[in-house]
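In case you want the letters, here they are:
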Amino acid sequence: MPVPIVRGFFDEATFTVSYVVHDPVARVAAIIDSVLDFDPASGRTNHGSAQAIVDYVKDRGLTVEWLLETHVHADHLSAAPWLQAQLGGKLAIGRHITTVQDTFGKLFNAGTEFERDGSQFDQLFDDGDSFMLGSIRATVLAVPGHTPADLAFVIGDAVFPGDTIFMPDYGTARADFPGGDARRLYHSIRRLLALPREARLFLCHDYKAPGREEFRWETTIGAQRDANVHVHDGIGEDEFVAMRTARDRTLGMPRLILPSIQVNMRGGRLPEPEANGTRYLKIPLNAV
């Protein structure tokens with residue numbers, strides 16, 4: 001089986017890493033966790049980050065078959081629909097997106113016109129589902145805890161865990177969003193750490209751990225088991241939950257959480273224009 005080629009695209013404005021992973025023989029690719037550039041001060045969007053992905057795909061003659069979202073991101077807007085228009089492919093997320101849509105559809109008073117059935121996506125994955133990327137098998141793992149709908153994608157020897165775990169010197173994702181649960185996160189991470197030690201782990205974010213000067217987003221399962229500051233081998237469930245709960249109480253909300261969720265729960269699509277032709281994002285006051 002060919003070893004998948006993985007290219008990361010780091011967006012420093014949101015500390016997010018998007019990926020293009022492809023079969024080097026069949027030249028078939030998936031795009032994972034893309035970023036739509038957004039300036040909250042002006043309300044303007046642009047496709048600079050996504051265009052870099054388009055250029056990479058076209059320069060290498062790749063065929064995009066999948067646009068994968070690990071979860072409904074709270075820190076950046078997805079560019080998946082725009083990329084789909086440029087490159088094709090099926091847009092996919094976990095089936096529990098419906099839980100997130102129901103929760104945040106109410107928060108944003110989205111109305112009955114906002115479908116809460118996941119129909120904004122082409123494919124809703126269940127735990128254990130698989131698909132082929134050329135000749136490389138990809139497996140879907142449900143890894144809830146950060147949100148109820150997080151997925152990890154295991155594509156050959158490459159693992160994309162979304163927002164569950166970060167670099168070993170930084171730790172793990174928060175678990176205090178609606179539907180989040182530190183105990184479920186612990187079990188999800190232990191499930192990931194049961195994968196082969198040599199598996200490559202490609203992380204969704206990096207924030208630079210104290211004392212580290214450069215951004216990093218690739219590690220291995222073995223390195224996490226040996227040295228992750230929050231959840232290395234030997235850290236028990238209760239110890240992790242106590243740490244994670246206390247740490248989460250000190251964290252502010254992500255800078256782009258309100259615009260991000262409104263867009264991402266719609267599959268990366270902006271809200272429909274109102275009668276004057278302008279699209280609007282809502283800010284619920286004193287509600288979160």
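The structure this text deals with has already been given above.
What counts, and where the lines are drawn
- Residues numbered from 1 in each chain as written.
- Predicted model: local features only at pLDDT ≥ 70, side-chain atom pairs only at ≥ 80, totals over all residues.
- Heavy atoms only, no water.
- Salt bridge = Lys/Arg side-chain N within 4 Å of Asp/Glu carboxyl O.
- Helix = DSSP H or I, 4+ residues; strand = E, 2+ residues; numbered from the N terminus.
- Buried < 20%, exposed > 50% of the residue type's maximum accessible area, 1.4 Å probe, protein only.
- Pairing = 2+ DSSP bridges.
- Contact = heavy atoms within 4.5 Å.
- Polar contact = N/O pair within 3.5 Å; in protein donor to acceptor, adjacent residues only side chain to side chain.
- Core = buried A, V, L, I, M, F, W, Y, C linked by side-chain atoms within 4.5 Å.

1. A word on the pattern of salt bridges
So, point 1. Tallying each qualifying case throughout the model produces 14 salt bridges.
So, point 2. The salt bridge partner of Arg212 is Asp169, with a shortest N-O separation of 2.7 Å. Here the residue Arg212 occupies a position in the loop between β13 (200-202) and β14 (218-220), and Asp169 occupies one in the loop between β12 (158-160) and α4 (182-193), the gap between them amounting to 43 residues.
So, point 3. When the shortest N-O distance is used, the salt bridge between Arg225 and Asp233 registers 3.0 Å.
So, point 4. Take Arg225: its relative accessible area is 25%, and that puts it in the partly exposed class.
So, point 5. Residue class for Asp233 comes out partly exposed when judged on its relative accessible area of 31%.
So, point 6. Overlapping salt bridges, with partners in common, bring together Asp169, Asp206 and Arg212 in one network.

2. Here we look at the pairing of strand β2 (residues 16-22)
So, point 1. With respect to burial, β2 is a largely interior element, seven of its seven residues being buried.
So, point 2. Where burial is concerned, the two faces of β2 agree: the one with Thr16, Ser18, Val20 and His22 and the one with Val17, Tyr19 and Val21 are both buried.
So, point 3. Judged from the seven bridges that link them, strand β1 (residues 5-11) and β2 form a sheet pairing that is antiparallel. Bridging across to β2, Arg7 finds its partner in Val20.
So, point 4. Where β1 hands over to β2, the hairpin turn is made up of four residues, of which Phe15 adopts a positive phi near 60 degrees.
So, point 5. Examined bridge by bridge, β2 and strand β3 (residues 28-32) share four bridges and lie antiparallel to one another. Counted as the bridge partner of Val21 is Ala30 from β3.
So, point 6. Linking β2 back to β3 in an antiparallel pair, the connection comprises five residues, with Arg27 at a positive phi of about 60 degrees.

3. Points about the environment of Asn46
So, point 1. Topologically, Asn46 is positioned in strand β5 (residues 44-46).
So, point 2. Here Asn46 falls in the partly exposed class, since its relative accessible area comes to 41%.
So, point 3. For the pair Asn46 and Val35, spaced 11 residues apart in sequence, the C-alpha to C-alpha distance is 9.9 Å.
So, point 4. Among all residues touching Asn46, those that are not within four sequence positions of it are Leu36 and Asp37.
So, point 5. One polar contact links the side chain of Asn46 to the main-chain amide nitrogen of Gly48, over a distance of 3.0 Å.

4. What to know about the nonpolar core
So, point 1. If you look at the biggest cluster of nonpolar residues, it comprises 39 residues, and the most contacted ones within it are Val20, Ile31 and Leu83.
So, point 2. Mapped onto this core, the elements with two or more residues apiece are β3, α1 (48-59), β6 (63-68), α2 (80-87), β7 (90-94), α3 (97-107) and α7 (257-264).
So, point 3. Here the element with the most residues in this core is α1; it accounts for five residues.
So, point 4. Ignoring anything within four residues of it in the chain, the contact list for Leu83 reads Ile31, Ser34, Ala50, Ile53, Val54, Leu67 and Gly88.

In short, shape yes, function no, at least from these values alone.
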